[in-house]
Amino acid sequence: MSGMRSIIEIMFPDFSLVAADQIFNQIGKARHMYGNTTDIPLVLRTRIAVGCGYGGQHSMDPVGLYALFSGWRIIAPSNAFDYIGLFNTAMQSNDPVLIIEHHFLYPLKFKVPEDELDYFIPFNKARIVTEGKDITLIAYGVMAYRCERLISRFMDKGISVEIIDLRTIDLPGLDFQTIAESLKKTGAAIIVEEAPANLSIGAKIAASLTEMCFDYLDGPVMRLTSLDVPNSVSRMLEQAAMIDDETIINYTVLTAKRQWK
């Protein structure tokens, strides 16, 4: 509130609950409570550790939690190029910004400009990963990366998939225009999230798309999530609860081939 641009790291998003009053009741509301006379230009980084076997108190996906509270911007980069551009934008923003990182992406290598890392990627702008005509997959973070890795397998099944990486995932910041343009072509959509259903934002996105894009849809906007259970320290049990590639492929093919028209 004194003008410093702070960067805070919460190692696991589950720990947000320990600081819930400060994060949700203070930071997200300050500008509105003080009549637009103060900003909190704060960047909060946190790491999703699903798949590590760290147990239920270290494996939360925080999207659905933070999206409950007005005032927060939420971004979920799926690659290093987007991370740098979105991070730079976050550092210039006067809003509090949550950056959701994923442990699975940490060791991976992506192309970034060699000599210029001061570029900006604007909030509220999704990225079309690949164009298609049969169905739209809507994802963010690690799931956008995983869906992109499955493009050749969709093609082997005879399905032309358009993949949209949301990048910005706070509800007021969703790029509905890009999604709507995709639905005009495909008429069908699946929102793919690694989060369990009770912590996902897919239901809210689906409801908004149904209201905005009803005339473009040949059927309901579908959702894919992990199971609605706390993750286990048993890696085998955790994997059983997580959404996997075969589920994504089979559900996408089934949805795309439904004869709604």
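Residues numbered from 1 in each chain as written. Predicted model: local features only at pLDDT ≥ 70, side-chain atom pairs only at ≥ 80, totals over all residues. Heavy atoms only, no water.

Looking at the packing of aromatic side chains
Okay, so step 1: A full pass over the atoms with the stated rule returns 9 aromatic pairs.
Okay, so step 2: Between Phe81 and Tyr119, the aromatic rings sit 4.6 Å apart at their centres with planes inclined by 20 degrees, giving stacked as the arrangement. Remark: Tyr119 occurs in the loop between strand S4 (97-102) and strand S5 (127-130) and Phe81 occurs in helix H4 (residues 80-92); sequence separation between them is 38 residues.
Okay, so step 3: Through a chain of ring-to-ring contacts, the aromatic side chains of Phe24, Tyr66, Phe69 and Trp72 assemble into a single cluster. (Phe/Tyr/Trp six-rings, centres within 6.5 Å; stacked < 30°, edge-to-face > 60°. Helix = DSSP H or I, 4+ residues; strand = E, 2+ residues; numbered from the N terminus.)

A few points about the sheet that holds strand S2 (residues 43-48)
Okay, so step 1: Pairing is parallel in the open sheet, where 4 strands are placed in the order S1-S2-S4-S3. Unpaired on one side and paired on the other, strand S1 (7-10) and strand S3 (73-75) mark the two borders of the sheet. Taken pair by pair, the neighbouring strands of this sheet meet at an average axis angle of 20 degrees, ignoring direction.
Okay, so step 2: Two strands pair when backbone bridges link them, and S1 and S2 are joined in this way by 4 bridges, in the parallel orientation. Residue Glu9 lies in a different strand from S2, and its bridge partner there is Arg45.
Okay, so step 3: With respect to the sheet, H4 is in contact with S1, S2, S3 and S4, its orientation differing from that of S2 by roughly 145 degrees. (Pairing = 2+ DSSP bridges. Axes fitted to C-alpha atoms, helices over the stretch in contact; angles between N-to-C directions. Contact = heavy atoms within 4.5 Å.)

Notes on the sheet that holds strand S8 (residues 189-196)
Okay, so step 1: In spatial order, the strands read S5-S7-S6-S8-S9; together these 5 strands make up an open sheet with mixed pairing. Edge positions in the sheet fall to S5 and strand S9 (222-226), since each has one partner strand and no second. Within this sheet the neighbouring strands show an average axis-to-axis angle of 25 degrees, counted without direction.
Okay, so step 2: The pairing of S5 with strand S7 (residues 161-165) spans 3 bridges and is antiparallel.

Observations concerning the pattern of salt bridges
Okay, so step 1: Summed over all chains, the structure comprises 14 salt bridges.
Okay, so step 2: Taking the shortest distance from any N to any O, the salt bridge between Lys185 and Glu162 comes out at 2.6 Å. On the criterion of sequence distance, the pair formed by Lys185 in helix H7 (residues 176-186) and Glu162 in strand S7 is long-range, its members being 23 residues apart.
Okay, so step 3: What makes Lys185 partly exposed here is its relative accessible area of 43%.
Okay, so step 4: Classification of Glu162 as buried rests on a relative accessible area of 1%.
Okay, so step 5: Salt-bridge contacts for Glu181 lead to Lys184; the nearest nitrogen and oxygen are separated by 3.2 Å. Within this pair, Glu181 and its partner Lys184 are both found in helix H7, separated by 3 residues, close to a single helical turn.
Okay, so step 6: According to the relative accessible area criterion, Glu181 is partly exposed, its value standing at 42%.
Okay, so step 7: Ionic contacts of the salt-bridge type, sharing partners, join the residues Arg31, Asp39, Arg73, Asp95 and Asp170 into one network. (Salt bridge = Lys/Arg side-chain N within 4 Å of Asp/Glu carboxyl O. Buried < 20%, exposed > 50% of the residue type's maximum accessible area, 1.4 Å probe, protein only.)

So, the nonpolar core
Okay, so step 1: The biggest cluster of nonpolar side chains holds 42 residues, and the ones touching the most others in it are Tyr66, Trp72, Leu166, Ile169 and Leu209.
Okay, so step 2: Those elements that place two or more of their residues in this core are helix H1 (20-27), S2, helix H3 (63-66), S4, H7, S8 and helix H8 (202-212).
Okay, so step 3: Per element, the largest residue contribution to this core is 4 residues, and it comes from H7.
Okay, so step 4: If sequence neighbours within four positions are ignored, Leu209 has contacts with Ile138, Phe176, Ile179, Leu183, Phe214, Leu217 and Val221.
Okay, so step 5: Within the second largest apolar cluster, 24 residues are counted, among which are Ile135, Tyr145, Leu150 and Ile243. (Core = buried A, V, L, I, M, F, W, Y, C linked by side-chain atoms within 4.5 Å.)

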